[in-house]
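What follows is each chain in one-letter form.
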Amino acid sequence: MNTVRLTTAQALVRFLAHQYSERDGQEQRLIPGMWGIFGHGNVAGTGQALLQAATTKEADLPYYLARNEQGMVHASVAYAKMRDRLATFACTASTGPGSTNMITGAALATTNRLPVLLLPSDMFATRAADPVLQQLEDTRGGDVTVNDTFRAVSKYFDRISRPEQLIPAALAAMRVLTDPVETGAVTLALPQDVQAEAYDWPIEFFRRRVWHVGRPVPESAAVERAAQLLRQARKPLIVAGGGAVYSGAETALRAFAEATGIPVADTHAGKGAVPWDHPYAVGGIGSTGSYAANELAREADVVLGIGTRYSDFTTASHTVFGRPDVTFVNLNVARLDAVKHSAEPLVADARLGIEALAGALTDWEVSADHRTLTRRLIARTREIEEECFHVGHGPLPAQTEILGALNDVLDDRAVVINAAGSMPGDLQQLWRARDPKAYHVEYAYSCMGYEVAAGVGVKMADPTREVVVLVGDGSYLMMAQEIVTMISEGLKVIVVLVQNHGFASIGALSESLGSQRFGTKYRYRDGGSGLLDGQVLPVDLAANASSLGADVLHATSVDAFRSAMEKAKAATRTTVVHVETDLYGPNPPGHGWWDVPVSQISALDTTRAAHANYVAHKQTQRHYL
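Reading guide: rules and limits
Residues numbered from 1 in each chain as written. Predicted model: local features only at pLDDT ≥ 70, side-chain atom pairs only at ≥ 80, totals over all residues. Heavy atoms only, no water. Salt bridge = Lys/Arg side-chain N within 4 Å of Asp/Glu carboxyl O. Buried < 20%, exposed > 50% of the residue type's maximum accessible area, 1.4 Å probe, protein only. Helix = DSSP H or I, 4+ residues; strand = E, 2+ residues; numbered from the N terminus. Pairing = 2+ DSSP bridges. Axes fitted to C-alpha atoms, helices over the stretch in contact; angles between N-to-C directions.

1. Quick notes on the pattern of salt bridges
Moving on, step 1. Scanning all chains against the criterion turns up 41 salt bridges.
Moving on, step 2. Across the pair R465 and D462 runs a salt bridge whose closest N-O atoms are separated by 2.9 Å.
Moving on, step 3. The buried category is assigned to R465, whose relative accessible area is 9%.
Moving on, step 4. For D462, a relative accessible area of 17% translates into the label buried.

2. Some points on the environment of P586
Moving on, step 1. Position of P586 among the secondary structure elements: in the loop between strand 23 (575-580) and helix 24 (605-618).
Moving on, step 2. The exposure class assigned to P586 is partly exposed, which follows from its relative accessible area of 33%.

3. Some words on helix 17 (residues 423-430)
Moving on, step 1. In terms of burial, helix 17 is a largely internal element, 8 of the 8 residues being buried.
Moving on, step 2. Every buried residue of helix 17 is accounted for by M423, P424, G425, D426, L427, Q428, Q429 and L430.

4. Some remarks on the pairing of strand 16 (residues 327-332)
Moving on, step 1. Most of strand 16 sits inside the fold, with 5 of its 6 residues counted as buried.
Moving on, step 2. Sheet topology places strand 15 (residues 302-306) next to strand 16; 5 bridges connect them, and they run parallel. The partner of G305 across the bridge, within strand 16, is N330.
Moving on, step 3. One ladder, built from 4 bridges, connects strand 16 with strand 17 (residues 344-347); its direction is parallel. Across the sheet, residue V329 finds its bridge partner in strand 17, namely E344.

5. Concerning the sheet that holds strand 2 (residues 19-23)
The strands that make up a sheet pair up through hydrogen bonds in the backbone, lying either parallel or antiparallel.
Moving on, step 1. Ordered by their spatial adjacency, 3 strands build an open sheet running 3-2-11, and the pairing between neighbours is mixed. Across the chains shown, the open sheet's two edge strands, defined by having one partner strand only, are strand 3 (26-29) and strand 11 (209-212). Looking at each pair of strands side by side, their axes are set apart by 30 degrees on average, direction ignored.

Written out as structure tokens, the structure is:
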């Protein structure tokens, strides 16, 4: 057997450089590069291997320097989302805090079912210098390290305590990364001494490997069962999730909706699968859903879920689908999701499943009355949107007015990124996406701090698109340092920084739950009350963004914001558009509910009133059986 002598880290770099994915005849690099921050746990192992590869050209695996380990995972996940889960990055971090900083990113990846390869450095496998700097000593066993916390948030975890263990572990890692059912965070923990240890590797380990991502074909009997339920429907509704986008099912879904007349609602991950102005597009569904989608959901007798995992925001905590006899047909590549809500499962690729259902329903469509109802509800929804866009609020504009202006100034291919706060709810009702990649809202983990880092990954995934990071001051303060990475990599990204001096979303939720916005505003501590409700803090986030290397534009009105956005679009480097909005809204009208328990007993009148309202809503909540 032909071999080559390399360290474990050198072998891993060479292996990753030769991995490819393929779907529908299109091949691409599965791991086009590696993000990292070096410390004593990886600088002499993985760091040396990356340097050697770049210097000798023995392996093509570019290195990208992040400013926060969580941020580099977010960038990788955003890249994978833009590439329909067919490519992602590897992330290397040093031992201890460097590695555990990646755990939140790992949880986000796995929750969103998006691939990312994590390479946390670990303690000495030999334990020759035990305990080392940053080592957690566990009295239960000597083989426990902080990296064991990755087990709970990874779809695959392995610790490479001997060089030869890398061979089966690396192959298993690629298998999981390229499996649309199992994908998520994949973690290979690398003890720092093993990274530098030499071994005679079989040459065959480094051959070019193509991981074929198939399209599971729907079972004919399952198609017939699903079609039969749809034939009996009088008020059907489609809920399109992320799977409809990742499978490239947009064209098939639009054609299916037109042929059958079934209206299409969408989740955050599914928005754009059907353009917002399509005659059967009814908008977001659930807790922050549109008027049209939620009205149709309340009367739907059959719900066809396509590529959705039915989070509580999608179902409005099991209240939005109101009919006692509602039936679900779930088309999903994962059986876990296909059987939810006692559904008739159709386990298959979303595009192939839609095409199969279309073939089985060529002689069926909804009634003329249902089409008329859909048009009427859409018309009212458009009126609501326009009212939100042109509310004329002052002296500070409403956030909805800023979103309306942003809708107007961006073209169809521009990507808007968001993840947390009040904006996801506003966006689900108000954003008008025509392109399936134009709406990039991470709302499975809803991680504050995702947005700026994600802007890096999205721009790297498709440099031809305008990328707009839409971030509130709360999320910006969590993690904004990847602006430095945008500058260092020469990436042009527009960051729209909406400052309202507090947590608008949680503040409004707190108020609705009787907790009076406690602890949700950025204020000095009041000497009299002892609460954080004094004067506004003198925080200058625009100056902060400028100090990180970005150009900064200011806007104090909707018109000024439009003008600033035009300048930002014309710019050639990362530009931050800073605009202040009213912390208190107004926000779009609510059409759904979200289950957040309220204290059953309280000395506060506001809490007691909120609990009574909570009990009333709970009466409409149920299992779908």
